[in-house]
Structure formats: C-alpha cells, structure tokens
Amino acid sequence: MRVLVIGSGGREHVLAWKLSTSKKVTEIYVAPGNPGTAELATNVPIEVTDLAGLIGFAKSKKIDLTLVGPEAPLVAGIVDAFSEEGLKIFGPVQKAARLEGSKVFAKNLMKKYRIPTADFQVFSQAEQAITYIKEQGTPLVIKAEGLAAGKGVIVAQSVPAACQAVRAFLIEQVFGKAGQRIIIEEYLPGEEVTVMAFVDGKTIIPLLPSQDHKAAYEGDRGPNTGGMGAYAPAPLLTKELREEIAAKILFPTVQALREEGIKYQGVLYCGLMISNGQARVLEYNVRFGDPEAQVVLPLLKTDIIEIIEAIRTEKLAEVPVEWLDQKALCVVLAAEGYPVKYQTGEIIRGIPEASARKGIRVFQAGTACPGKELLTAGGRVLTITALANDFNLAQANVYQAVRQISFKGVRYRKDIGWRIFKSGLNSVSKNKKESGLAWPR
Ligand code: AMP
Ligand code: GLY
C-alpha cells in the first residue's frame, strides 16, 4: 500500500514512523515533510493547502491512502476534494471539520445538544463585547472564531486585558477573517486533558488520554503555544471518568453531528477541562494533537492501517484497538522567542547521540537541511519522546536526551509531567533498572 501523509511537523513524523511499522505499507510519502520524515519516507515538495497539487501527486503515484495531519487542509475541504476524484483519504469532510474551523459552530452545537462546555456569548461588535465584559467582570476567555494556529485564545484576568483582546481581534483584526467574530466564555478552573477518539460515523473508540503543556513556561505560565510537551496515558483520567467522557461528550458529539446530517469520520480531538470530577469541552480539533500524537501513537499496538480501513468502511466496532502497557512522555524543543518571534537557521547538533539512547526517539518539526547541516526552521523544532515502564524513568531519560541536543537559543520546559508527580499518581515500576524500553518496529 502506498500512503501519503500531509504535513511537516512532529505529528506527521510520528505518523510516518507508525506507518513504517505496518506490514501493509510498502511506500510512504510526506508532503511537504521535514528532514526527519525523509529518513522514513519520500518527501514531496507540495504545500498542505495546495489541494490541486496534492491530488495530482496522489493520482500520478497511485496513492492508496492519504492521511492528513494539520487542520488547515481539512477545514479547506481536502477530504471532499480527494473523494470527488475517487482518491481514498482519512479524515472528516469539510462540514464536519467546522468543529475546529468555527468555534461558533462548535459552541452552538454543544449548546443545542447539551454537551457540557463553558457558558458563552458571540460578538462581532467591539462595543457590545466591551460592555458585556464590564458587566461580567473577569476572569473571562476571549476566543477568535476561526483558525489562528493556537494563538487565538486569550485568558484575560483583568477587564483591561479582556478589552484589549477584543480590540485586537475585532478592530485591529490581527487574525483577519478568523477573528471577525469572537466568543467570550466563562473561565473554567481545573486541569486540562486531551481525549482523542477514532470515529467511523457511529462507533467511537477513545485513544489513551494524554495531557499537553500549552503554556510556554514552567508552572504553566506565559503565553499559550501549540504545546510544549505531553504524556500518556494521563493518570488523572480514571476508568470511570473515561467512560463518562465517552458517554457524555464523545458519543453525543458524533450523534449531534449525525442529527445535523453530518457523518464524522476520522480522529476527533476533545480538549477537556476537568474540575471536581466533571469534564467540560474547551475545544474540538478534527485531527491528532501535536504533541499528543507523539506520545499516544507510540503506545498504539494495533496496526494503524487496520483501524483506518475499518473507519472508512464503518466497521470500527469490529477492530480490537490495543495499547502497550507502557508510559510515554515527550518534551518539545523550541526556538528562542517562540511562540512570538523566533530565529531560524541555527545548527542543530546531537540528534544521533540522543536517538541512540534506549527508549528515545526524536521527531522533527521546524527543521531544514539545505546543505550538510540540520538547521532550525520553525518555532517548535523537535519533539523527543521516551517510552518507559513508569513516568519517573521516562522523564529522567527524556531530559538526558534533551541535554544531548543543542542549537543556539534552544528553549524547553523543564517540568513536563509535573502534575503526575505532584498528585502522586505515578505508580513506580518495580523494574527500576530498565530506564528505557525498545520501540516497536
Ligand atoms: P482552545 O484553543 O479553545 O482550547 O483554548 C486554548 C487554551 O486556552 C486551552 O487549552 C486552555 O488552556 C485555555 N482555555 C480555553 N478556554 C478556556 C476556558 N473556558 N477556561 C479556562 N481556560 C480556557
Ligand atoms: N496540542 C494541541 C493541538 O494539537 O491543538
């Protein structure tokens, strides 16, 4: 089977790796990919939103299946476009991708079908939004409606900060059309988790729960980023809570879409806030999370092609999705200044040494290799993932690997996993000597 992966981040690198472990896959292409994916696959220089270019390539190479990493092509309708050409592709159709493409659509759907989420109001006029903020007081959360690369959400602790966000979105239009409508939302305290699910339109199978670290700095402080590190399975989610999330959130979401005449097929990502043992939806994404994919996919035992084929034929209920009984923890290495302004073009050293550690794999994201040296080429540069018998071992091993890698201005959070250790939810493995576990092949 010839498979095309669309995207160029750490998520697409781990997808290419997972595909490389499938007996069914003979060739892997990644568009546009990065120097890391080039080690497992053939990179194709086509941008993720060049739908015509991607279709032309898929036809010319007789691609049997396409997997889409990022949201932009899904929201732009890549699944519809491929399907119209008779090409097999995995992911939600454009109408379903509105769950991520329009936060107003998502919030209205949750309200209509009573899916637990924060109370909210929609605004397109700054004056009305500001009057509302002054009435409500803070904290409040201000969100741009459309795609803003993870930067369209401001958690405002003061009225001036909330008003400033409103002005930036609605008057200065820093996100252009994506910010022409905003949501002002109740602030939810609690702990965030990510629950993704495989969905074939009627059956849902949740993946292992994970926790990302979205804030730029230690202690979950500073601006929001795309994600600075993650781990799975998140011990916070007990079996009961996982079942409740499936019954009250995942399944009702897919059912709500069906009632609206929309069949959801693909991966459904729910960003959840857990407070007092109750889960509420912060956001939906219509794809794998990044960096959540870099900790969840390594733990997936089942061949991903088997799962995708079952989703496409609406036979997901027949597939036993199995997981390794291990822990995965990853740290993102970012460029200095990320998520605001950052340098690129710095030489990266140490990946071979770090990768030689047992239990460690390095996934590339913002990298480029124009000559002999591997250079930084984006905000999030690398994700380093460790597999181990417990989170202490995984964390110790991952940070030793992190310290073997260097580039000018490298920045990473030094506390990935802190909630597990603070809450005492880490059960320590009896097998202490095994610092890292071999990766599946
Ligand atoms: P979103 O893209 O909607 O998930 O928002 C990005 C981040 O903002 C989330 O991961 C949370 O950390 C934070 N956030 C969003 N909505 C809320 C809320 N209602 N209450 C508290 N924090 C929130
Ligand atoms: N890590 C959050 C996301 O993928 O949107």
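Residues numbered from 1 in each chain as written. Chains lettered and ligands numbered in written order. Predicted model: local features only at pLDDT ≥ 70, side-chain atom pairs only at ≥ 80, totals over all residues. Heavy atoms only, no water.

Mind laying out the packing of helix 7 (residues 126–136) against helix 8 (residues 159–171), listing which residues take part and the relevant values?
Where helix 7 contacts helix 8, the axes come no closer than 10 Å and their chain directions differ by 165 degrees. Relative to helix 8, the element helix 7 is oriented roughly antiparallel. At the point where helix 7 passes helix 8, the crossing takes the right-handed sense. Across the interface between the two elements, Ala126, Ala129, Ile130, Ile133 and Lys134 from helix 7 touch Val159, Ala162, Cys163, Val166, Arg167, Leu170 and Ile171 from helix 8. Along the lines of polarity and charge, the residues of the contact of helix 7 with helix 8 split into 10 nonpolar, no polar and 2 charged. (Axes fitted to C-alpha atoms, helices over the stretch in contact; angles between N-to-C directions. Helix = DSSP H or I, 4+ residues; strand = E, 2+ residues; numbered from the N terminus. Parallel < 35°, antiparallel > 145°, perpendicular 65-115°, else oblique. Left-handed = near helix turned anticlockwise from the far one by under 90°. Contact = heavy atoms within 4.5 Å. Nonpolar A, V, L, I, M, F, W, Y, C, P; charged D, E, K, R; others polar.)

Report on the pairing of strand 9 (residues 182–186), specifying residues and quantitative values.
The element strand 9 is largely enclosed, with a buried count of 4 among its 5 residues. When strand 6 (residues 120–123) meets strand 9, the two strands line up antiparallel, connected through 4 bridges. From the neighbouring strand, Phe120 faces strand 9, where its bridge partner is Glu185. Examined bridge by bridge, strand 7 (residues 140–144) and strand 9 share 5 bridges and lie antiparallel to one another. Of the residues in strand 9, the one forming a bridge with Val141 is Glu185. (Buried < 20%, exposed > 50% of the residue type's maximum accessible area, 1.4 Å probe, protein only. Pairing = 2+ DSSP bridges.)

I'd like to hear about the layout of surface pockets, residue by residue, with values.
To find the voids left in a structure, one rolls a probe of water-molecule size over its atoms. Each pocket or cavity is described by its volume, and for the second largest pocket that value is around 310 Å³. Lining the second largest pocket are 19 residues; nearest its centre among them are Glu39, Ile351, Ser355, Arg361 and Val362. Among the elements that make up the lining of the second largest pocket, the one with the highest residue count is strand 19 (residues 360–364) (5 residues). Looking at the lining of the second largest pocket, its residues break down into 10 nonpolar, 5 polar and 4 charged. (1 Å grid on protein atoms, 1.4 Å probe; cavity = no way out; pocket = protein on both sides within 12 Å on 5 of 7 lines; lining within 4 Å. Points joined across faces, edges and corners; volume = space filled by probe spheres on them.)

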